[in-house]
Amino acid sequence: MHKIADGIETRLDELAEYESRDTGKPLSLAKTVDIPRAVTNFRFFADLVLEHETEEILDGQGSVNRIIRQPLGIVGCISPWNLPLYLFTWKIAPAIAAGNCVIGKPSELTPYTAFKLGEICQEAELPDGVLNIVQGTGMNTGSAIVAHPKIKAVSFTGGTKTGEAISREAAPQFKKLSLELGGKNPNIIFADCDFTSMLETTIRSSFSNQGEICLCGSRIFVEESIYDTFRNAFIKRTQSLNVGDPNDEKTDMGALISKGHLEKVTGYIDLAKEEGGTILIGGENADVNGRCNDGYFFEPTVIDGLNADCRTNQEEIFGPVVSLIPFSSEDEVIAMANSTQYGLSATIWTENTTKADRVAGKLDSGVVWVNCWMVRDLRTPFGGMKNSGVGREGSLEALDFFTEQKNICRIQ
Ligand code: NAD
């Protein structure tokens, strides 16, 4: 596994270029986030599996229970288009570390780095058959993986609707399922926050990867007393973002993944207007000249004037679109933050640690960041509550998922 990580690391620049071309994301982002995190995924699980010890329970009256973990056999790993190699390896690395063979399917929209991973695994002399990368659409290839009786578990990341379809298909065979699904994450900004640090991170948590990260904070709740100050500063900072050619180092935001997705995002702007929202900035396709003339670029967009319960603020847009909502009390913001079907992640900005802990404890979110965003320690469990998912990835949870426990009881 370390040899695979070495192979990815050696080809970092090349893989970043493929990732940027497939997705439209800035090359700089693929170089600094996507591909390095794919390397870390392999290294982390390579080391973690060595720390795993067999548990033994002695009852003091002669019986010894030895709890071993065995690989499941063949497992399916299905991943989305937004962080292609990063999320693909996030599943494959623990599955292989735990001793399984993998049938892995990347998104049909972003197939290339998965194909290259196959080559890297061959160069690293991973035995044939341990990792099998199949390309194809969800309806054909994806559902064939889920339905196949020899595949004992499916680890899936993607949309909530697809997660539902997979659950229906897998349930009669009692397969193990790990589902990482959609989000509509709250970003809660209290007046007593470190404003400068909050503003910079909020720009990233709103528009990184064109807002196409399941962890982006698309609903920004701002305490009333600083609402106007925040709104003005946020608009000013948003104005300075460069939407442009992904290869250009000055580019902050590249293109959206597809024409269909661009239309979906545009549709939500129309909906926001119908619902009475005001587009403070953005809301249009962005013009990028030169070789990217026909690309699917969209301006970073900020909306206000909408209630927390309208569709724009309840449904996942998954683009560079955020909505600002004022609040006056902790209870009010917690109720609004928890009001969607989702529960993936949340961010809280305050210098008051007691308040941060109190609010974090009441949020229906699998991950809560306080005064930061997207900081990841791979030893921590990752996943969503409610319709954002079932199960947790990362840490020992991932090794748990990809193994079956067996208790062997012996009388001494
Ligand atoms: P998607 O659900 O359309 O597709 C994801 C993967 O599932 C693709 O490989 C696709 O081919 C496959 N697929 C589609 N239908 C299938 C079926 N019936 N059976 C088996 N496989 C099928 O999602 P997407 O549009 O690629 O990704 C965007 C979504 O992913 C967003 O909702 C986003 O929030 C979510 N996401 C979640 C996380 C997380 O960690 N929770 C991370 C990234 C993305």
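Note that this is a predicted model, so its numbers are computed, not measured. (Residues numbered from 1 in each chain as written. Predicted model: local features only at pLDDT ≥ 70, side-chain atom pairs only at ≥ 80, totals over all residues. Heavy atoms only, no water.)

**Q** Any chance you could break down the packing of helix α3 (residues 27-51) against helix α4 (residues 84-97) for me, citing the residues and the numbers?
**A** α4 packs onto α3 with a crossing angle of 10° between their chain directions and a minimal axis gap of 8 Å. Comparing the axis directions of α3 and α4 gives the class roughly parallel. Taking contact as the criterion, the partners of Asp34, Ile35, Arg37, Ala38, Asn41, Phe42, Phe45 and Val49 in α3 are, on α4, Pro84, Leu85, Tyr86, Thr89, Trp90, Ile92, Ala93, Pro94 and Ala97. When grouped by side-chain class, the residues that make up the contact of α3 with α4 number 13 nonpolar, two polar and two charged. (Axes fitted to C-alpha atoms, helices over the stretch in contact; angles between N-to-C directions. Helix = DSSP H or I, 4+ residues; strand = E, 2+ residues; numbered from the N terminus. Parallel < 35°, antiparallel > 145°, perpendicular 65-115°, else oblique. Contact = heavy atoms within 4.5 Å. Nonpolar A, V, L, I, M, F, W, Y, C, P; charged D, E, K, R; others polar.)

**Q** Pulling in residues and values, what's your account of the side chain of Ser155?
**A** Tracing the backbone shows Ser155 in strand β6 (residues 151-157). In this view, Ser155 contacts Gly76, Cys77, Ile78, Lys91, Ser178, Glu393, Phe401 and Phe402; residues no more than four positions away in its chain are not counted.

**Q** Describe the domain arrangement of the protein chain, naming the residues involved and giving the relevant values.
**A** Entries for the protein chain in the domain assignment read domain 1 (2-181 + 388-411) and domain 2 (185-370). Inter-centroid distance (C-alpha atoms) of domain 1 to domain 2 is 30 Å. With 19 residues of domain 1 at the interface, the matching set in domain 2 holds 21 residues. Taken over both partners, the interface formed by domain 1 and domain 2 buries close to 1500 Å², and the fraction arising from carbon and sulfur atoms is 58%. Summed over the shared surface of domain 1 and domain 2, the number is zero salt bridges. Of all elements in the fold, only α2 (12-23) and α3 reach the threshold of two or more residues within the side of domain 1 that touches domain 2. Taken together, the residues of the side of domain 1 that touches domain 2 break down into seven nonpolar, eight polar and four charged. (Domains from an automatic or database assignment. Buried area = accessible area lost by both parts, 1.4 Å probe. Salt bridge = Lys/Arg side-chain N within 4 Å of Asp/Glu carboxyl O.)

**Q** I'd like to hear about the pattern of salt bridges, residue by residue, with values.
**A** Summed over all chains, the structure comprises 23 salt bridges. Arg11 is the partner of Glu123 in a salt bridge, and the nearest nitrogen-oxygen pair spans 3.2 Å. Pair noted here: Glu123 is in helix α5 (residues 112-123) and Arg11 is in the loop between α1 (2-10) and α2, with a separation of 112 residues, a long-range link. Look at Glu123 and you get exposed, because its relative accessible area is 53%. Judged by its relative accessible area of 13%, Arg11 is buried. Beyond isolated ion pairs, a larger network of salt bridges with shared partners links Arg11, Glu14, Lys116, Glu119 and Glu123. (Buried < 20%, exposed > 50% of the residue type's maximum accessible area, 1.4 Å probe, protein only.)

**Q** How would you sum up the site of the ligand? Please name residues and give values.
**A** Around the ligand, 29 residues are found, and the nearest of them are Lys105, Glu108, Thr162, Leu181 and Glu316. Ser143 places a main-chain nitrogen or oxygen 3.5 Å from a nitrogen atom of the ligand. In isolation the ligand offers 840 Å² of accessible surface; the protein chains occlude 89% of this area. Counting only elements with at least two residues in the shell around the ligand, the list comes to α6 (138-147), β6 and α7 (160-170). Taken together, the residues of the shell around the ligand sort by class into 13 nonpolar, twelve polar and four charged. Mapping the shell around the ligand onto the domain boundaries places at least three of its residues in each of domain 1 (2-181 + 388-411) and domain 2 (185-370). (Near = heavy atom within 4 Å. Polar contact = N/O pair within 3.5 Å; in protein donor to acceptor, adjacent residues only side chain to side chain. Areas by Shrake-Rupley, 256 points an atom, 1.4 Å probe, with all protein chains shown as cover.)

**Q** How would you explain the pairing of strand β12 (residues 321-327) if you had to name every residue and give the values?
**A** Burial runs high along β12: six of the seven residues are buried. Two strands pair when backbone bridges link them, and strand β9 (residues 219-223) and β12 are joined in this way by five bridges, in the parallel orientation. Counterpart to Ile220 in the pairing with β12 is Leu324. In this structure, strand β11 (residues 301-304) lies alongside β12, joined through four bridges in parallel fashion. Each residue of the ladder has a partner; that of Thr301, found in β12, is Val321. (Pairing = 2+ DSSP bridges.)

**Q** Which residues make up the sheet that holds strand β1 (residues 55-58), and what values go with them?
**A** Sheet architecture is open: three strands sit in the order β1-β2-β18, paired in antiparallel fashion. Taken across any chain shown, the strands that pair with only one partner, and hence form the sheet edges, are β1 and β18 (403-411). Averaged over all pairs of adjacent strands, the angle between their axes in this sheet comes to 20°, without regard to strand direction. Across four bridges, β1 lies against strand β2 (residues 63-71) in antiparallel orientation. Directly across from Glu56, in β2, lies its bridge partner Arg66.

**Q** Which residues make up helix α10 (residues 259-274), and what are the values?
**A** The end-to-end C-alpha distance of α10, which contains 16 residues, comes to 23 Å, matching closely the 22 Å that a straight helix rising 1.5 Å per residue would cover. What α10 keeps buried is the set His261, Leu262, Val265, Tyr268, Ile269, Leu271 and Ala272. Looking at the buried side of α10, the elements it contacts are β10 (278-281), β11 and β12. In the segment just after α10, Gly276 is the residue with positive phi, at about 100°. (Expected span 1.5 Å × (residues − 1).)

**Q** Got a sec to walk through the state of the cysteines? Specific residues and values, please.
**A** Scanning the model with the defined rule gives zero disulfides in all. Its sulfur unpaired, Cys121 is 12 Å from the next cysteine sulfur, which belongs to Cys77. For Cys121, a relative accessible area of 4% corresponds to the buried category. Between Cys372, a cysteine without a disulfide, and Cys193, which holds the nearest cysteine sulfur, the sulfur-to-sulfur distance is 13 Å. (Disulfide = S-S within 2.5 Å.)

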